[in-house]
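Here is how the chains run, residue by residue.
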Amino acid sequence: MKKTWWKESVVYQIYPRSFQDSNGDGIGDIPGIISRLDYLQKLGVDVIWLCPVYESPNDDNGYDISNYQGIMDDFGTIEDWEELLEGLHQRGMKLIMDLVVNHSSDEHAWFVESRKSKDNPYRDYYIWRDSKNGGEPNNWASFFSGSAWKRDETTGQYFLHLFSSKQPDLNWENDKVRREVYDMMTWWLDKGIDGFRMDVINLISKIPELPDAAGDGKYNFGGEHFMNGPRIHEFLQEMNREVLSKYDVMTVGETPCVTPEEASLYVREDRGELSMVFQFELMDIDAGPGGKWNVTPWKLIDFKRIMSKWQVELDGKGWNSLFLNNHDQPRMVSRFGNDGAYRKESAKMLATLLHTLQGTPYIYQGEELGMTNVKFASMDDYRDIETINMFNEYLESGRSEADIMASIYSKGRDNARTPMQWDGKAHSGFTTGTPWLQVNPNYTEINVKESLEDPDSIFHYYRRLIELRKQHEVIVYGHYELLLEEDEHIYAYTRTLEDERLLVILNFDEEPVTFELPETVVYESAEVLIGNYVLPAGASVRRMELRPYEAQVLKLK
Ligand code: ISL
Ligand code: CA
């Protein structure tokens, strides 16, 4: 596998609204991020992925962009942004920006023009259709509830919005749209950024006839007609040829619902498309038949099967991205670990997994502290459009409020978006004003200040994991092999690169369990590289009593 800097990097995701407020308006901002660069450097991360900071009316917290080349007033100015980039580069860190071009805001100048008349030069920048049988042009559901179409009074036609009605989908069939996007990307790259995270990039090519989705609901998920669509690879290869190939950058495409076969088309090194993709197979592990809000218990056997499938199928073909949470997902320690009695142990165990697989690890802000999900008593405290729309839709359909709140507590996106917990002072040191979204009440125990002071903290464990990646090539490039496939409590695997070999042992259970190393793994000596418990002197790796959520990484010789 070819060696490149982004394979050897660890990425840290910043959700700017919730990271650090600098002026007391309750909203995180770019000067706030700048004031925390030393913290990020101490953690040791190589790349920052900055969620959208562009001009936006904030219907979807910046994922609805009204000017791709301007900074949102709430976040600061372009000069602030330039200072941020410089501050990162000075510290040897890189910056990747969020590229949101499946849709824009309805307040973008292109859409303001587009909706004026059917013959406006910008009309074909978006996807307009006539009504069918007095209703919407087709039966597609929006990801954020209801129809994916909205009728516009001026012309009587409907426009497509796969997300909120303030996020009209851009028409990638129009080569002027593609040209505009490429020029805009070039403008940012010439400013010196190091790459892009591409929002729902596998949605940009729709089947032009926009056929009805299967299903008997009023509105149905139409993914088969717009995910990995007919021209997607042509578009991405064009983008790569025209823009990306001219710079030494990394790209990560957000591609919900891809299989490893599909993913390899995006990331195979001979195809000239993307560096890696975010796939969501693991994130769907606890979704019931009705979708993400119908939470069902997950099993470790399935967890291991999914992780292993991606490790094995992309090996030698393309690069994996590794994440257990982000700004759209619940906190990983609450979902896959134990956010009560074993919060620290399980957060470290999950981190061990994330940092010892083949791929580039992504840390979501606060994960390095073991931040947890939140339970607000009232819907008034929630801000996320997806959550609010779902609440209203489910309530109308007759579900009980208690039932809906339970779904929100385990799956709502605001779980990840509560402000960063810096210290034990009012509003966790995030703001001196009123935070836009309330701070998780557990900030008095879980915060940066406490983590920096405690040598045994989750933060310091992450720091050591990141350091280890720099010292052992096998962590980056080694082949993965699953052990004990049928074990319901233990996740164990080896990583091998020439004569270097690692053994990773993880107990996913809150009970002690016995680990027995399969006979096929032969070794003479085992040296502990990192673990969340101290191994007793002379302990044998052949047979070990694992403690709750124990993680050990051993170098075998
Ligand atoms: O959040 C989700 C599941 O609840 C996903 O369906 C999510 O909407 C999807 O992965 C796309 O996410 C991205 O695009 C959205 C934006 O709201 C998300 O924050 C972003 O990550 C629209 O731009
Ligand atoms: Ca602010």
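Residues numbered from 1 in each chain as written. Chains lettered and ligands numbered in written order. Predicted model: local features only at pLDDT ≥ 70, side-chain atom pairs only at ≥ 80, totals over all residues.

1. Observations concerning the overall build of the chain
Keep this limit in mind: Secondary structure elements follow DSSP: runs of H or I of four or more residues count as helices, runs of E of two or more count as strands, with numbering from the N terminus. Our radius of gyration is a C-alpha quantity, and the globule rule it is checked against amounts to 2.2 Å times the number of residues to the power 0.38. Contact definition: two residues whose C-beta atoms, as placed from backbone geometry, lie within 7 Å.
In terms of regular secondary structure, the chain is built from 16 helices and 22 strands. The C-alpha radius of gyration of the chain comes to 24 Å, within 12% of the 24 Å expected for a compact globule of 557 residues. Taken along the three principal axes of its C-alpha coordinates, the chain extends 80 × 55 × 50 Å. Within the chain, residue pairs in contact and separated by at least 24 positions form 66% of the contacts whose partners lie at least 6 positions apart.

2. A closer look at helix α7 (residues 260-267)
Count 3.6 residues to each turn of an α-helix, and residues three or four apart come out pointing the same way. Going by this rule: The exposure label follows from counting other C-beta atoms within 10 Å of a residue's C-beta, where the C-beta atoms are placed from the backbone and the thresholds are 20 or more for buried and 12 or fewer for exposed, leaving partly exposed in between. When we speak of the arc, we mean the arc of directions from the helix axis to the C-beta atoms.
When α7 is considered as a whole, its buried residues turn out to be Ala263, Tyr266 and Val267. Looking down the long axis of α7, one finds its buried residues gathered within 80° of arc, a one-sided arrangement. For α7, the elements touching its buried residues are α6 (232-242), β10 (250-254), β11 (276-278), α8 (300-314) and β14 (319-322).

3. Some points on the UniProt feature "domain: Glycosyl hydrolase family 13 catalytic" (unreviewed entry) in the chain
Stated formally: UniProt positions are given in the numbering used here, feature names are shortened, and annotations may be inferred rather than shown by experiment.
Residues given the UniProt feature "domain: Glycosyl hydrolase family 13 catalytic" (unreviewed entry) here are residues 13-417. Taken end to end, residues 13-417 is 31% helix and 14% strand, and its first and last C-alpha atoms sit 12 Å apart.

4. Quick look at the sheet that holds strand β15 (residues 360-364)
In a beta sheet, neighbouring strands are held together by backbone hydrogen bonds and run either parallel or antiparallel to one another. Filter applied, for reference: The pairing criterion for strands is at least two bridges between them, as found by DSSP. Every axis in this analysis is a line fitted to C-alpha atoms, fitted for helices over the stretch in contact. Angles between the N-to-C directions lie between 0 and 180 degrees.
The 8 strands lie next to each other as β1-β2-β5-β9-β10-β11-β14-β15, forming a closed barrel whose pairing is parallel. Each neighbouring strand pair of the sheet contributes to a mean axis angle of 25°, computed without reference to strand direction. When strand β2 (residues 47-50) meets strand β5 (residues 94-99), the two strands line up parallel, connected through 4 bridges. For valine 47, the partnering residue across the bridge sits in β5 and is lysine 94.

5. A word on the site of ligand 1
For the record, the criterion: As used in this record, a residue near a molecule or strand is one whose C-beta atom, placed from the backbone, is within 6 Å of it. When residues are sorted by character, Ala, Val, Leu, Ile, Met, Phe, Trp, Tyr, Cys and Pro go into the nonpolar class, Asp, Glu, Lys and Arg into the charged class, and all the rest, Gly among them, into the polar class.
Within the structure, ligand 1 sits among 14 residues, and Asp60, Tyr63, Phe163, Asp199 and Asp328 are positioned closest to it. Grouping the amino acids of the shell around ligand 1 by side-chain chemistry returns 6 nonpolar, 1 polar and 7 charged.

6. Here's the deal with the environment of threonine 251
Turning to its location among the elements, threonine 251 is positioned in strand β10. For threonine 251, a count of 23 C-beta atoms within 10 Å translates into the label buried. Separated by 107 residues in the primary sequence, threonine 251 and glutamine 358 have C-alpha atoms spaced 17 Å apart. When residues no more than four places from it in sequence are discounted, the contact partners of threonine 251 are Gly195, Phe196, Met198, Leu244, Leu274 and Ser275.

7. Description of the nonpolar core
One broad rule of soluble globular proteins: the nonpolar side chains tend to lie buried together. Worth spelling out the cut-off: Note on definitions: a nonpolar core is a set of buried residues drawn from Ala, Val, Leu, Ile, Met, Phe, Trp, Tyr and Cys, linked by C-beta atoms within 7 Å.
If you look at the biggest cluster of nonpolar residues, it comprises 132 residues, and the most contacted ones within it are Val45, Ile48, Val277, Leu350, Ala492 and Leu506. The residues touching alanine 492, leaving out its near neighbours within four places in the chain, are Leu483, Leu484, Val504, Ile505, Leu506 and Phe515. Counting 5 residues, the second largest nonpolar core, distinct from the first, contains Trp293, Met390, Phe391 and Ile408.

8. Some thoughts on the pairing of strand β22 (residues 551-556)
Pairing of strand β18 (residues 500-507) with β22 involves 6 bridges; the strand directions are antiparallel. Within β22, the residue paired with leucine 503 across the bridge is leucine 554.

9. A short note on the domain arrangement of the chain
Heads up, the condition is: Note that the domain bounds reflect an automated or database-derived domain assignment.
Here the chain is partitioned into domain 1 (7-89 + 323-471), domain 2 (103-169) and domain 3 (477-556). Using only C-alpha atoms to locate each centre, domain 1 and domain 3 end up separated by 31 Å. Every element with two or more residues in the side of domain 1 that touches domain 3 is listed here: α10 (343-354) and α15 (458-471). It is α10 that contributes the most residues to the side of domain 1 that touches domain 3, 6 residues altogether. Counted by class, the side of domain 1 that touches domain 3 contains 7 nonpolar, 6 polar and 3 charged residues.

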